[in-house]
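# Topology and contacts: notes
As a plain string of letters, each chain reads:
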2 protein chains.
Amino acid sequence: MSLQHAQPISRLIQELSRLPGIGEKTASRLALHILRSSRENAESLSRAILEVKEKIRLCSRCFNLADQDLCRICQDAKRNQEMVCVVSGPEDLMALERSGGYQGLYHVLHGVLSPLEGIGPQDLRLEELLSRLRGGKIQEVILATNPSVEGEATAQYVSQVIKPLGVRVTRIARGVPMGGDLQYIDQVTLTKSLENRGPI
Amino acid sequence: MSLQHAQPISRLIQELSRLPGIGEKTASRLALHILRSSRENAESLSRAILEVKEKIRLCSRCFNLADQDLCRICQDAKRNQEMVCVVSGPEDLMALERSGGYQGLYHVLHGVLSPLEGIGPQDLRLEELLSRLRGGKIQEVILATNPSVEGEATAQYVSQVIKPLGVRVTRIARGVPMGGDLQYIDQVTLTKSLENRGPI
């Protein structure tokens, strides 16, 4: 950052630039916005940042982000208590919630298997998932890890570990995305979408 | 925002979404990043936000952002004291500083003339610019407002007000941007670049 800025501005630009996907130009724009916004708005952003660090912990049942012992979803008696959707991280849980297409519970692994990064089964919240399943209430586990090499391998592994428990295990469908254009879609996706074709 | 998030997360996502160009998805990603980063990093971001509101004021000479009576640029004796570049806001000043192509002083108008938005000459830091010029030290004023309708009108107006003072007034060149592709550049820009052609 240029030394020509007043120090508090340089510092804020530098702090904002650390956020993922925020370059120096965007950081400058955000810093000027904060500078121009009301003192109240700046204070409430500043407070929200601290609060998230102070108050957020992991749900003791599903390991979703929570501000109490159980997360909002686990507390919600209206959710289907017999289905568990396994995701690798809270961002994927958020994406599924935004879709509005799922009404069951979750289990957040907090990672995927990755031999290259030294992440093995013991680093995921797998033992805890098995305990939940041994409880006997859950009828179906939906594996919703990413359709990437690691995500697929993790889904494979989890399904093998779960099967002996006699719980139904499914995997989210892989195929052509809505609004996609067949000519630009990769071969593996196309092959999957043909293999997994269904009646219309 | 979904009510299924723990409240401190929803609040942070909401606060971050207020920033310009940050939608809910980006805000969620940033919030998770903050949640995962060290407590120290979160505190220093939070502090930088407050500090900018507390410590930043306008330079008493050029109205750039400053943390003292004079901004860093006005304090810098190595800058050319005989040139003043007039910009509409601090973001344009920052962009020019990033370019590294200018070594003189600035004057920040904090706006452009806009009859539609009811912004007239009295709303800009124009009287203060005239006072600086009457000081007699400045030899050239470069008008660096945006090449937009308002920017051009503002440059026209400022040049007319300055001319009686006998100071040289110039306007930044308008033409084809470096790396641009002639076939995609608008007609007005092309016409300007022909009119303002120069020897190579």
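Residues numbered from 1 in each chain as written. Chains lettered and ligands numbered in written order. Predicted model: local features only at pLDDT ≥ 70, side-chain atom pairs only at ≥ 80, totals over all residues. Heavy atoms only, no water.

## Some words on helix H2 (residues 24-36) of chain B
Put simply, the rule reads: Starting at the N terminus, helices and strands are each numbered in turn, a helix being any DSSP run of H or I of at least four residues and a strand any DSSP run of E of at least two. In this scheme, a helix's expected span is set at 1.5 Å multiplied by one less than its residue total. Exposure is judged per residue with a 1.4 Å probe applied to protein chains only, and the accessible area is read against the type maximum: over 50% gives exposed, under 20% gives buried, and values in between give partly exposed. Contacts were defined at the residue level, with two residues in contact if any of their heavy atoms lie within 4.5 Å.
A rise of 1.5 Å per residue sets the reference length of H2 of chain B, with its 13 residues, at 18 Å; its end C-alpha atoms lie 18 Å apart and thus fit the reference within 8%. Where H2 of chain B is concerned, the buried positions are Ala27, Ser28, Leu30, Ala31, Leu32, Ile34 and Leu35 of chain B. Looking at the packing, one finds that the buried side of H2 of chain B touches helix H3 (39-55), strand S2 (65-66) and helix H5 (90-99) of chain A together with helix H1 (7-17) and helix H3 (39-55) of chain B.

## So, the interface of chain A and chain B
Put simply, the rule is: Summed over both partners, the accessible area lost on bringing two parts together, with a 1.4 Å probe, is the buried area. By definition, a salt bridge exists where a carboxyl oxygen of Asp or Glu is found within 4 Å of a side-chain nitrogen of Lys or Arg. As used in this structure description, the phrase polar contact means that two N or O atoms lie within 3.5 Å; if the pair is within protein, one of them must be able to donate a hydrogen and the other to accept it, and residues adjacent in sequence are counted only when both atoms belong to side chains. Charged means Asp, Glu, Lys or Arg here, nonpolar means Ala, Val, Leu, Ile, Met, Phe, Trp, Tyr, Cys or Pro, and polar covers whatever is left, Gly included.
Of the residues lining the interface, 57 residues belong to chain A; the matching set on chain B comes to 57 residues. Together chain A and chain B conceal approximately 5,500 Å² of surface at their shared face, both sides included; 64% is due to carbon and sulfur atoms. The tally of links from chain A across to chain B stands at 6 salt bridges. Glu54 of chain B is the salt-bridge partner of Arg39 of chain A, the closest N and O atoms lying 3.6 Å from each other. Scanning the region where chain A abuts chain B turns up 19 residue pairs in polar contact (both at pLDDT 80 or more). At the level of elements, helix H1 (7-17), helix H2 (24-36), H3, S2, helix H4 (72-75) and H5 of chain A are the ones that each hand at least two residues to the side of chain A that touches chain B. Taken together, the residues that form the side of chain A that touches chain B break down as 26 nonpolar, 11 polar and 20 charged.

## Describing empty space enclosed by the protein
Which parts of space are left empty comes out when a probe the size of a water molecule is rolled across the atoms. As a reminder of what qualifies: Grid points spaced at 1 Å and placed over the protein atoms alone form the basis of the search, with a cavity being a set where a 1.4 Å probe fits but cannot get out and a pocket an open set showing protein on both sides within 12 Å along at least five of seven lines. Lining residues have an atom within 4 Å of a point. Grid points are joined across faces, edges and corners, and a volume is the space filled by probe spheres set on the points.
All chains considered together, the criterion is met by 2 cavities of 30 Å³ or more. Here the second largest cavity is characterised by a volume of approximately 30 Å³. Along the walls of the second largest cavity sit Leu16, Leu19, Leu45 and Ile49 of chain A together with Leu16, Ile34, Leu45 and Ile49 of chain B, which together make up its complete lining. Looking at the lining of the second largest cavity, the elements that each hand over two or more residues are H3 of chain A together with H3 of chain B. Its residues assigned to classes, the lining of the second largest cavity shows 8 nonpolar, no polar and no charged.

## As for the domain arrangement of chain A
Short version of the rule: Either an automatic procedure or a domain database provided the assignment from which the domain bounds are taken.
The domain architecture assigned to chain A consists of domain 1 (7-55) and domain 2 (77-171). Of note, the centres of domain 1 of chain A and domain 2 of chain A, computed from C-alpha atoms alone, are 35 Å apart.

## Here's the deal with the relation of the copies chain A and chain B
This is how the line gets drawn: The fit set for superposing copies consists of C-alpha atoms from residues with pLDDT of at least 70 in both; the fit itself is least squares.
Here chain A sits on chain B after a turn of 180° about the axis and a move of 0.0 Å along it, with an RMSD of 0.0 Å. Here the symmetry operator amounts to a two-fold rotation axis. The position closest to the rotation axis in chain A is occupied by the C-alpha of Ser46 of chain A, lying 2.2 Å away. The residues that chain A uses at the interface reappear at the interface of chain B in 100% of cases, marking a shared surface.

## Looking at the sheet that holds strand S5 (residues 140-143) of chain A
Residues and elements named next belong to chain A. Rule in force here: Criterion used throughout: strands pair if DSSP finds at least two bridges between them. In this analysis, axes come from line fits to C-alpha atoms, helices being fitted only over the stretch in contact, and the angle between any two N-to-C directions falls in the range 0 to 180 degrees.
Overall, parallel pairing links the 4 strands, which are arranged S4-S3-S5-S6 in an open sheet. Every interior strand has two partners, whereas the edge strands, strand S4 (104-108) and strand S6 (168-171), have only one. Between one strand and the next, the sheet's axes are offset by a mean angle of 25°, whatever the strand orientation. In this sheet, S5 lies alongside strand S3 (residues 80-87) in parallel orientation, the contact comprising 4 bridges. Bridging across to S5, Cys85 finds its partner in Ile142. Docked against the sheet, H5 engages S3 and S4, running at close to 160° with respect to S4. Relative to S4, helix H6 (residues 126-134) is tilted by about 150°, and along the sheet it contacts S3, S4 and S5.

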